[in-house]
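Residue strings, one per chain:
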Amino acid sequence: MAVCDLCGSDVNVSEYQVKPKDEKINLCETCLSQIESGNLDENHFNCLNDSMWSENPAVKVITYRLLKQLGRGDLLDMMYLEEDEQAWADYEEEVLKDSNGNILKDGDSVTVIKDLEVKGAGKTVKRGTTVKNVRLCDVAGHVSCKVDGIGSIYLKTEFLKKI
């Protein structure tokens, strides 16, 4: 029977991916709901005193993030993370927004709000062009997409409006 890697509970335990890596940990319903909502009950998370010493890097990373959210600098000072674990723990997913502040996700459709010259292609993406099925990519502040007549390109999100 699976138990929560943070608090040790065995009630409704499910897997949780510790982003951006593909490593998963077991979380009970209580821990999972609080992590996803952001409303952390400090009394429930007293269990982090024990989980911070786990040998599982994913458990240490999620424990570090929770302690940081709870403002528990005293426990953070005692934690030891390897360099790669620290980088993983400090990872924050970039939230891409269009020119109006709307959050962009994979598969969204957008409209170009300004004529954009495509470097190296000698072509222009005209204002008002609708681009369907944009993809979030590794390039900060950009989305990857296909534009008719040009092909696959990256567009800056500041020049896009979500439809």
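Residues numbered from 1 in each chain as written. Predicted model: local features only at pLDDT ≥ 70, side-chain atom pairs only at ≥ 80, totals over all residues. Heavy atoms only, no water.

### Considerations on the pairing of strand β8 (residues 142-147)
At step 1: Sheet topology note: the strand β7 (residues 135-136)/β8 ladder contains two bridges and is antiparallel. Counted as the bridge partner of R135 is S144 from β8.
At step 2: From the end of β7 to the start of β8, which pair antiparallel, there are five residues, and G141 there has a positive phi angle of about 75°.
At step 3: Relative to strand β9 (residues 151-156), β8 is paired through six bridges, and the arrangement is antiparallel. When the sheet's bridge partners are listed, V147 is paired in β9 with G151.
At step 4: Following β8, the chain reverses through three residues before pairing antiparallel with β9; G149 in that reversal takes a positive phi of roughly 85°. (Pairing = 2+ DSSP bridges. Helix = DSSP H or I, 4+ residues; strand = E, 2+ residues; numbered from the N terminus.)

### What to know about helix α3 (residues 57-70)
At step 1: In a regular helix each residue adds 1.5 Å, so 14 residues correspond to 20 Å; α3 covers 20 Å between its end C-alpha atoms and thus fits that length.
At step 2: Taken across its 14 residues, α3 has 11 buried, putting it largely inside the fold.
At step 3: Restricting attention to buried positions, one finds in α3 the residues A58, V59, K60, V61, I62, T63, Y64, R65, L66, L67 and L70.
At step 4: Elements in contact with the buried residues of α3: β1 (14-17), β2 (24-27), α1 (29-37), α2 (48-51), α4 (73-78) and α5 (83-89).
At step 5: Between a side-chain oxygen at the N-terminus of α3 and the backbone nitrogen of A58 the separation is 2.9 Å; the capping residue is N56.
At step 6: Just past α3, the residue G71 takes up positive phi, approximately 75°. (Expected span 1.5 Å × (residues − 1). Buried < 20%, exposed > 50% of the residue type's maximum accessible area, 1.4 Å probe, protein only. Contact = heavy atoms within 4.5 Å. Polar contact = N/O pair within 3.5 Å; in protein donor to acceptor, adjacent residues only side chain to side chain.)

### Re the layout of surface pockets
At step 1: Estimates place the volume of the largest pocket at around 420 Å³.
At step 2: Considering the residues around the largest pocket, the lining is formed by 16 residues, among which R65, Q69, A89, Y91 and E92 are closest to the centre.
At step 3: Those elements that provide at least two residues to the lining of the largest pocket are β1, α1 and α3.
At step 4: Taken together, the residues that form the lining of the largest pocket break down as seven nonpolar, two polar and seven charged. (1 Å grid on protein atoms, 1.4 Å probe; cavity = no way out; pocket = protein on both sides within 12 Å on 5 of 7 lines; lining within 4 Å. Points joined across faces, edges and corners; volume = space filled by probe spheres on them. Nonpolar A, V, L, I, M, F, W, Y, C, P; charged D, E, K, R; others polar.)

### As for the sheet that holds strand β6 (residues 130-131)
At step 1: Strand order in this open sheet of three strands is β6-β3-β10, and the pairing throughout is antiparallel. Two strands in the sheet have a free side with no partner beyond their single neighbour: β6 and β10 (160-162).
At step 2: By the bridge criterion, three bridges tie strand β3 (residues 110-112) to β10 in an arrangement that is antiparallel. Directly across from T111, in β10, lies its bridge partner K161.

### Looking at the environment of N133
At step 1: If you trace the backbone, N133 turns up in the loop between β6 and β7.
At step 2: N133 sits 20 residues away from I113 along the chain, and the two C-alpha atoms are 17 Å apart.
At step 3: With residues near it in sequence (within four places) discarded, N133 still touches G107, D108 and S109.
At step 4: A polar contact is formed between the side chain of N133 and the side chain of R135, at a distance of 2.9 Å.

### Re the pattern of salt bridges
Two side chains of opposite charge can pair, provided their charged atoms sit close to one another.
At step 1: Under the criterion given, the structure shown has six salt bridges.
At step 2: Between K24 and D22 there is a salt bridge, and its shortest N-O distance comes to 3.6 Å.
At step 3: The class for K24 is partly exposed, based on a relative accessible area of 41%.
At step 4: Exposure remark for D22: the relative accessible area of 58% places this residue in the exposed category.
At step 5: Across the salt bridge formed by K60 and E85, the nearest N and O atoms sit 3.2 Å from each other. Here K60, found in helix α3, pairs with E85, found in helix α5; they are 25 residues apart in sequence, far enough to count as distant.
At step 6: Judged by relative accessible area, which is 8%, E85 ranks as buried. (Salt bridge = Lys/Arg side-chain N within 4 Å of Asp/Glu carboxyl O.)

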